Every structure is written in structure tokens, then in C-alpha cells.
Amino acid sequence: MNLAALIVTGDPALADDLLRLAAAADAHAEVAYSTDEARPAWTWPALILVGADLAEDLASAGLQRRPGVVLVTGGAAPDAYRMAVEAGAQDVVALPEHENWLIDAFAAACEPEGGWATTLCVVGARGGAGASVLATALGLSSAAQGLRTLLVDADPFGGGIDLVLGLESHEGVRWHDLAERRGRLSAATLRETLPSSGDLSVLSWRRGEPVPVSEEAVRSLFDAAARGFDLVVVDVPRHPGDIGRAALRAAAVTLLLVPAEVRATVAADGLAAALRRDTPDLRLVIQGPAPGGLTPDAIASVLGIPSAGSFDRDRRLPAAVDGGDLERACRRGPLADFCTTVLADLALQPYAYREAA
């Protein structure tokens, strides 16, 4: 395991406290009990925590100035900021008041810097349009390309998108478990605790009455998702709620799925106006066939929305959805071809590449 943090202190009690916080963040930390012990590893970890007891020694040790150094005190320390400046620390924290801050810092230190996931939202113009199936198909197609993908169910009354994949009985975290989450959420922990199938992880709802999810928990989830995945696909209901709006604001692209019908087109016109308030890039997806001969070009012209393409409904999909076997049904066919085209337009990079970059 890579060293995320180095604790520099001669105080065993302070070292134990900081190691406990590192464990809470699932971060690998080691203790240097003197500046001489700290010297060999000084440039390695993302985070250096210096106890106030060794701040003066560190200031006189001549170690290279670097970012990520934090001075930690065990209580009131009138000279803390002076010591921090002399020791080259950018922050000062005190225990126990700043334990949560330190846990977040440990969590951040054990994650790679660099790329952020692309977020893609899918919204249906009317009920039963197939937005959940399209979102799931996009997630499956992305995972099949070796991309770390998170499929998020933003509809608490949608029945659970895990059912579509047959993952409803899999152990793992659901929205209910994150509803009161506070502070930074480790991306690695999120990946490890969600129900998954290969490279596709799923965040859905437990059966029964949904629970309210706090605004802080929603922010924490989407922040961790952005840090831990290549693509985040969100199934957003027509009435988005707090979760849906947060996803729309984070989205690089939002796909509005419109069946090739007059009523669905009229519904899409009003919905598009509302979506544009929250999402920067709204694109139209037409699902055929058109019972009345309404063409994709005519729908796009009426709505004035750029087109992301179209596909015809696959008769195999309803039975596959009911059987939780959508993955096999999406390996070929018009929906699979459409998803491949959409993902190619996004030009996504695998997470492993971004880690090495």
C-alpha cells in the first residue's frame, strides 16, 4: 500500500490519535518520531502531519519546503501560527476539535490526483419512455469498455435500478446508508462497498419507503463519484428533486429521451425548458419506431435541441428488464450500437490511464 501520510511527532499519545484518524479514513500512515526519521520519506506522501512538539526541530532541520504539511497541536497553542510558518506548514489544526478535518485530509491523501469522472444524465420525456433502460445500457456499455462506471438511481420512487440488473439481492451500500453522510467520502471506499457487476457499480434504493437524503450527503456522494470513476451515469426522474438537480448541475451532457410520438414531443418541450436551468448541455435522443410517422428530424426541429442520435425500441428488452437480465440483452442490437456511439463522442479515458498520467 502506498504511503499516504507521514506523522512526525515524538509524542506517543498524539501519534496514536493521528493513526486512529488515518484508520478511520482507510489511509496508510506511518510515524517518524524525530526529524531524522522523517528525512528519508519527506518527499513521498501527499500529507505530512507535524506535531507541535517537533515543529522547532523541523524548522531547523533544513528539509525541503513542500506542500501538504500541517501542524497539529493537542490543545491551545498561542504560538501555533508562528511555528507553522517557521516549519513550512500550510495549515494548523488542533485535536480534538478538528478530527473530522483530519479524516478528510487523510482520505484525500490516499487518492490519486488528476482526472475527474464525466457525469452523464438521462431523463425521459414521459413516464415509461425507457430512460432507466437507456441509463443502464450506457453503464453496461461503458463498463464493457473497461471504464470504471457508476450507475446512480436518482428516482426514489422508481422501483430501484438494481432490479434491472438483477443486483437487488447483492449486499452493499444504498442511498439509505448514505442519507446522513457528513464530510468527505473516500472514492475507494465507495467503489468497494457498492453492489457491482464487473466494472459497473450501482447506487440505488432499498425496498420500502425512501428516506430523505441530506444535501451534504448528496454533495459528498457526487464528489467521491467524480474522484473514483471514469463515468457516472445518472437516471434522473422528470421531477428531479435534490439528487437529480445535483446530478444535472454536475453533468457534462444530459440526454433527453423522447419516444417518436406527438404527445411525448409536446411533453419534452416543457421539460426541456426546465432542464436547461440546471444542465449546460442538453441533447435529444429519439426512440422509434414512430406510430404516426413522426421523424427524428421533425422532432429535433420542433424542440430546437441538438440531436445525440436515435435508435429503435428492442422487443427483447421488456422481458430482459423483468428478468433482471438486461446485461445479456444489451450486448447487441440498436440500443447497444447507440450507446457505443454516445460513449465514443464523450472520448472517455480509463481511470488507470489517469492515475499514471
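Before reading on, note that the structure itself is shown above.
Residues numbered from 1 in each chain as written. Predicted model: local features only at pLDDT ≥ 70, side-chain atom pairs only at ≥ 80, totals over all residues. Heavy atoms only, no water.

The omega angle of the peptide bond from Leu 95 to Pro 96 is 5°, so this bond is cis rather than trans. Relative to the helices and strands, Pro 96 resides in the loop between strand E5 (91–94) and helix H5 (99–109). In this structure, Pro 289 follows Gly 288 across a cis peptide bond, with omega equal to 0°. Note on placement: Pro 289 falls in the loop between strand E12 (282–288) and helix H13 (296–303). Backbone geometry places Asp 26, a non-glycine residue, at a positive phi of 60°. Of note, Asp 26 is situated in the loop between helix H1 (12–24) and strand E2 (29–32). A residue is classified by how much of its surface remains accessible, and Asp 26, at 43% relative accessible area, is partly exposed. (Helix = DSSP H or I, 4+ residues; strand = E, 2+ residues; numbered from the N terminus. Buried < 20%, exposed > 50% of the residue type's maximum accessible area, 1.4 Å probe, protein only.)

In this section: helix H6 (residues 131–144). Here H6 contains 14 residues, and its C-alpha end-to-end distance of 20 Å stays within 8% of the 20 Å for a straight helix at 1.5 Å per residue. Where burial is concerned, most of H6 is hidden: 12 out of the 14 residues are buried. At the exit of H6 stands Gly 146, carrying a positive phi of roughly 85°. (Expected span 1.5 Å × (residues − 1).)

Okay, the nonpolar core next. With 46 residues, the main nonpolar core has Val 234, Leu 256 and Val 258 as its most contacted residues. Here this core gets six residues from one element, more than from any other, and that element is helix H10 (residues 215–228). Apart from residues lying up to four places away in sequence, Leu 256 is in contact with Val 123, Gly 124, Ala 125, Ala 268, Leu 271, Ala 272, Leu 275, Leu 282, Arg 283, Leu 284, Val 285 and Ile 305. Listed in part, the 39 residues of the second largest apolar core include Ala 137, Leu 147, Leu 151 and Val 285. (Core = buried A, V, L, I, M, F, W, Y, C linked by side-chain atoms within 4.5 Å. Contact = heavy atoms within 4.5 Å.)

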